[in-house]
Amino acid sequence: MRIQSNGSNGNPRGIGRRRGTPPRGGKTFPDQKMILVLAAVAATIFASGLMLGTHIYGSPQISDTSAAASSVSQPSLNNEHSSPLVAATSRIAASDVQRLIMESAAAEAFEEEERRQEEEALKHGDKTLALHLRGALVPGDPNYNPHHHIDDTLDVDDPLNSNQEIVGGEEKQENMIENMHHQFAQALDHEKHVIDSAVKKGVTKLKETAAGVAKKVALRGAITKDETAKNLPNYPYMRTLVPKDHDFTKYKPLGGNRFIEYLEGDSPYAMTDSLREQSDNLARSRRVHVVNAMKHVWKNYKEYAFGMDELHPISKKGTANWGGMGTTLVDALDTLWLMGMKDEFWEARDWVRDHLSHDKVGDVSGFETTIRSLGGLLSAYDLSGDKVFLEKADNLGAKLFKAYDTPSGLPKGSVNLKTGRAHNMNWNGNAYIVAEAATQQIEYRYLAKATGKEDYKKSEKVFDILDKITPEDGLLFEKLKEGGENGASFITASKSSFGAMGDSAYEYMIKLWVQGGRKEEMYRKMWDKAMNGVHEQLLQKSTPNGLTYIADRLNGGRLDHKMDHLACFMGGSLALGAYTDPSGIDSSRAKRDLKTAKALTYTCYQMYARTQTGISPEFVQFRGGNDFKVPSSAPFYILRPEVVEAFYYLSVLTGDPIYREWGWEVFQSIEKYCKTEYGYGSLHDVNEPSMKPEDRMESFFLAETLKYLYLLFDPDSEIDILNKHVFNTEAHPFKIFNN
């Protein structure tokens, strides 16, 4: 969270062989008629297989976000209008369906050939061979099978029955007086039993196959087998590798209203192994340039502002506007580590060891200092194992934690690190801000675990209170006050927002669930409850193109149809919530949330693509007939990270290269319009490409924006957001507790 500035069915007989015993011995009769029969059979099989395949492949697509058929259900065998085979295979990987079709076709061809040879044997008077072909053997025959699904006795109406002795059996003297229709009816009964048994066995096998396929789901969430995507078109946007001497000054933003197939949150293209490999190679060629951007900043920070809170990218001055805690250096530590800039990392560590002190620092924002400085130190410790960082983090954490000394246990917004006195902000009516109070727990929980000091876990009381006072729709008001039976209560006259003052409280619901090894149900329930509220009350579509956005809810329930750049974090958080859903990625809730994540992120991309610089303003207003407009009150860009954060999460989780493509456009615009001689500056108006950057570079540009861009283009990263790591809201990664 940031405080916002300046405003805010196929044939069921197809499984397995219909007859259990292959023909043994006897003669064959290859003639012209046989060839014609076989040709007809082959044509029939091909047509049947084509229709079956078309039906299956034409059914709802296997999502790139789901394991294939992890919930295949037992089909009803009494349903005359649906095929058990299709019911069983409707969500199985295409390769398994194709194999079943081929086996079915082969079985049918074999059966047709048996019937033809049986007829030919009868014509030639060879009843023994005909009986073998039918498989209707009697006790005494060496090929007799007591579990054969065709009766092993001869019917009186069978043309093979006569008053003669048959091999391995007895003479039958009865006359053929029964009607052939009676035998046919019996045969159908037998056949139904055989089909039902075969289908049940087939469905069981398909379930086992589905379970095996589900295990092949990669970290990125898509089936890794190329053939599972045969029913989707190929991805058309793969670019050539970027040369090391790429000239960003020649870049021109490409404009909006492109990639319209992603508007509704769909995954329109096949995600294959070969596509992933191409995307990874392209990403590596882009990754180099993000590292170069970091090197450009760090070189100048080291020369002109080393140990200072910020470097001004035009005047090259260093300032101590965060109290002199080396905020940019500390905030950037893990970025240096992850980018492989280890010499720079260790040099920064030495400064932390020798010069970083919090003893003389006055009033600071408890929230900002926790997520930037405390989070930066803890992440550097987590990655490197160097206890210098943990010692400094413990020292800072103890001072910051004085803000929690309140009747309710909610932390005051500002704390003096030297004296320990804390207070809320006058401009906010001395109220607590929900995003500030509920966006410190990841850091303090980690600090408690690393140091063994359980007192830090008292920060979680904030969520205990929120859980009790949150309305049924799960949506939080942005302001809190002391008092009430639960220790604190919402100021209901305040708004509900996923932008400034509300955003990261929701982010920490899902991330605390992940950090704790997905075991603490309260956080997950709060998240799911809130997401239901989003979908029921805040999720909107623009006019005329139907862009998805999250509106703010004002006092009285009226909606403010605007969306902050800050709110774009929801693309990543919704995707993370979907992939960690206890009901599985195939559940209706997870599918809903993932689809919304993709649609919302497309809107956030359009917030960039539709401006003259290809860079998003602080927020947009959804009014008029062109979806949204850039407001005159907030046309600026302060190097924010939330959109590229969403690109990163969706790229890793879905494997879709489109998010890297969008991220590359954003990075090129930053290089073109924000780069200065000494760093990168904010933009005053994103629709004025001729304007020069401003002399301000927030520490989160290094900590978040460049880091997420780097990780977006880094297929070789040690970071694993599903199984090993969780990011705080400042993009500092920590190992989750079950690791």
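Rules of the game
Residues numbered from 1 in each chain as written. Predicted model: local features only at pLDDT ≥ 70, side-chain atom pairs only at ≥ 80, totals over all residues. Heavy atoms only, no water. Phe/Tyr/Trp six-rings, centres within 6.5 Å; stacked < 30°, edge-to-face > 60°. Helix = DSSP H or I, 4+ residues; strand = E, 2+ residues; numbered from the N terminus. Buried < 20%, exposed > 50% of the residue type's maximum accessible area, 1.4 Å probe, protein only. Lys NZ or Arg CZ within 6 Å of the ring centre and 35° of its normal. Pairing = 2+ DSSP bridges. Disulfide = S-S within 2.5 Å. Polar contact = N/O pair within 3.5 Å; in protein donor to acceptor, adjacent residues only side chain to side chain. Expected span 1.5 Å × (residues − 1). Contact = heavy atoms within 4.5 Å. Salt bridge = Lys/Arg side-chain N within 4 Å of Asp/Glu carboxyl O. Axes fitted to C-alpha atoms, helices over the stretch in contact; angles between N-to-C directions. Parallel < 35°, antiparallel > 145°, perpendicular 65-115°, else oblique. Left-handed = near helix turned anticlockwise from the far one by under 90°. Core = buried A, V, L, I, M, F, W, Y, C linked by side-chain atoms within 4.5 Å. pLDDT = per-residue confidence, 0-100. Nonpolar A, V, L, I, M, F, W, Y, C, P; charged D, E, K, R; others polar.

Caption draft 1: A look at the packing of aromatic side chains. For the structure on display, the rule yields 43 aromatic pairs. Their ring planes at 75° and their centres at 6.3 Å tell us that Tyr608 and Tyr637 sit as a pair that is edge-to-face. Of this pair, Tyr608 sits in helix H18 (residues 588-609) while Tyr637 sits in the loop between strand S14 (619-621) and helix H19 (642-654), and the two are 29 residues apart along the sequence. Residue Tyr608 shares its accessibility class with Tyr637, and that shared class is buried. Where Tyr648 meets Tyr649, the ring centres are 5.6 Å apart and the plane angle is 70°; that geometry is what we call edge-to-face. Classification of Tyr649 by relative accessible area gives buried; the value is 2%. In this structure an aromatic cluster arises from ring pairing among Tyr235, Tyr237, Phe259, Tyr262, Tyr269, Tyr602, Tyr605, Phe647, Tyr659 and Trp662. Just above the ring of Trp337 sits the side chain of Lys342; from NZ or CZ to the centre is 4.1 Å. In this structure, Lys449 is placed above the aromatic ring of Phe737, and the distance from its NZ or CZ to the ring centre is 5.4 Å.

Caption draft 2: Quick look at the environment of Ala305. By the element assignment, Ala305 lies in helix H6 (residues 273-305). Along the chain, Ala305 and Lys316 lie eleven residues apart, while their C-alpha atoms are 7.8 Å from each other.

Caption draft 3: Main features of the sheet that holds strand S6 (residues 432-433). Strand order in the open sheet made by the three strands is S6-S7-S8, with antiparallel pairing throughout. A single partner strand is all that each edge strand has here, and the edge strands are S6 and strand S8 (488-490). As paired elements, S6 and strand S7 (residues 479-482) share two bridges and run antiparallel to each other. Each bridged residue has a counterpart across the sheet, and for Tyr432 the counterpart in S7 is Leu480.

Caption draft 4: Spotlight on the state of the cysteines. Across all of its chains, the model carries one disulfide by this definition. The disulfide partner of Cys568 is Cys604, and the S-S distance across this bridge is 2.0 Å. Residues Cys568 and Cys604 share a disulfide whose torsion about the S-S bond is about -100°; that sign makes it left-handed. You can see Cys568 sitting in the loop between strand S13 (562-564) and helix H17 (569-579) and its partner Cys604 sitting in helix H18, a full 36 residues away along the chain. Given the relative accessible area of 0%, Cys604 is considered buried.

Caption draft 5: Structural detail: the side chain of Thr272. On the secondary structure map, Thr272 appears in the loop between helix H5 (180-214) and H6. A polar atom in the side chain of Thr272 sits 3.1 Å from the side chain of Ser274. Separated by 3.1 Å, the side chain of Thr272 and the backbone nitrogen of Leu275 make a polar contact.

Caption draft 6: Region of the structure containing helix H11 (residues 387-400). In a regular helix each residue adds 1.5 Å, so 14 residues correspond to 20 Å; H11 covers 20 Å between its end C-alpha atoms and thus fits that length. Along H11, the residues classified as buried are Val388, Phe389, Leu390, Ala393, Asp394, Leu396, Gly397, Lys399 and Leu400. Contacts from the buried residues of H11 go to helix H8 (333-338), helix H9 (342-355), strand S3 (363-365), helix H10 (366-384), strand S4 (414-416) and helix H13 (441-451). Where H11 begins, one side-chain oxygen reaches toward the backbone nitrogen of Val388, 2.9 Å away; that side chain belongs to Asp386.

Caption draft 7: The arrangement of the pattern of salt bridges in detail. This structure, assessed with the given rule, holds 41 salt bridges. For the salt bridge of Lys595 with Asp266, the shortest nitrogen-to-oxygen distance reads 2.7 Å. Taken together, the residues span a long stretch of sequence, with Lys595 in helix H18 and Asp266 in the loop between H5 and H6 at a distance of 329 residues. The closest approach of N and O atoms between Asp455 and Lys458, which form a salt bridge, is 3.8 Å. Here Lys458 falls in the exposed class, since its relative accessible area comes to 52%. In this structure, a network of salt bridges that share partners links the residues Glu310, Glu368, Arg372, Arg696 and Glu698.

Caption draft 8: Broad picture of the packing of H19 against helix H21 (residues 700-712). Contact geometry of H19 with H21 gives a least axis separation of 9 Å together with a crossing angle of 25°. Here H19 is positioned roughly parallel relative to H21, judged by the angle of their axes. For the crossing formed where H19 meets H21, the hand is left-handed. Along its contact with H19, which presents Val644, Glu645, Phe647, Tyr648, Tyr649 and Ser651, the element H21 presents Thr705, Tyr708, Leu709, Leu711 and Leu712.

Caption draft 9: Fine view of the nonpolar core. Among the nonpolar cores identified, the biggest contains 164 residues, and Trp298, Leu466, Phe498 and Met563 are the most heavily contacted of them. Among the elements that line this core, the one with the most residues is H6, at eleven residues. Non-local contacts of Met563, meaning those with residues more than four positions away in its chain, are made with Tyr549, Ile550, Cys568, Leu600, Thr603, Cys604, Met607, Phe619, Val620 and Phe622. Ranked by size, the runner-up nonpolar core spans five residues in total, among them Phe619, Ala634, Phe636 and Phe700.

Caption draft 10: The arrangement of the confidence of the model for the protein in detail. Of all residues in the protein, 70% have pLDDT values of 70 or greater, and the mean over the chain is 81. Contacts of residues 207-229 to residues separated by more than four positions or lying in other chains number 61 contacts, the stretch itself having pLDDT below 50.

Caption draft 11: Just unusual backbone geometry, in detail. Following Thr543, the chain continues to Pro544 via a peptide bond in cis, the omega torsion being 10°. The topology assignment puts Pro544 in the loop between strand S9 (539-541) and strand S10 (548-550). The backbone of Lys316 shows a phi angle near 55°, a positive value even though the residue is not glycine. Here Lys316 shows up in the loop between strand S1 (310-311) and strand S2 (318-319).

Caption draft 12: Up close: the pairing of S7. Note: S7 against S8, three bridges, orientation antiparallel. Residue pairing across strands places Leu480 opposite Phe490, the latter belonging to S8. Between the end of S7 and the start of S8, which pair antiparallel, lie five residues, with Gly483 showing a positive phi angle near 110°.

Caption draft 13: Looking closely at the packing of helix H20 (residues 658-673) against H21. Interhelical geometry of H20 versus H21 gives an angle of 135° and a closest axis separation of 9 Å. When the axes of H20 and H21 are compared, the pair comes out oblique. Viewed along their axes, H20 and H21 form a crossing whose handedness is left-handed. Contacts between H20 and H21 involve Tyr659, Arg660, Gly663, Phe667 and Ile670 from the former and Phe701, Thr705, Leu706, Leu709 and Leu712 from the latter. Along the lines of polarity and charge, the residues of the contact of H20 with H21 split into seven nonpolar, two polar and one charged.

Caption draft 14: Here's a closer look at the sheet that holds strand S5 (residues 422-423). Here three strands make up an open sheet; going across it, the order is S3-S4-S5 and the pairing antiparallel. Where the open sheet ends on each side, the last strands, each with one partner, are S3 and S5. Here S4 pairs with S5 via two bridges, running antiparallel. Each residue of the ladder has a partner; that of Val415, found in S5, is Ala422. The sheet contacts of H10 involve S3 and S4, and relative to S3 the element is tilted by about 70°.

Caption draft 15: Highlighting the environment of Ser632. Mapped onto the fold, Ser632 is located in the loop between S14 and H19. Its relative accessible area of 76% is what places Ser632 among the exposed residues. Between the C-alpha atom of Ser632 and that of Val620, which follows or precedes it by twelve residues, the distance is 9.8 Å.

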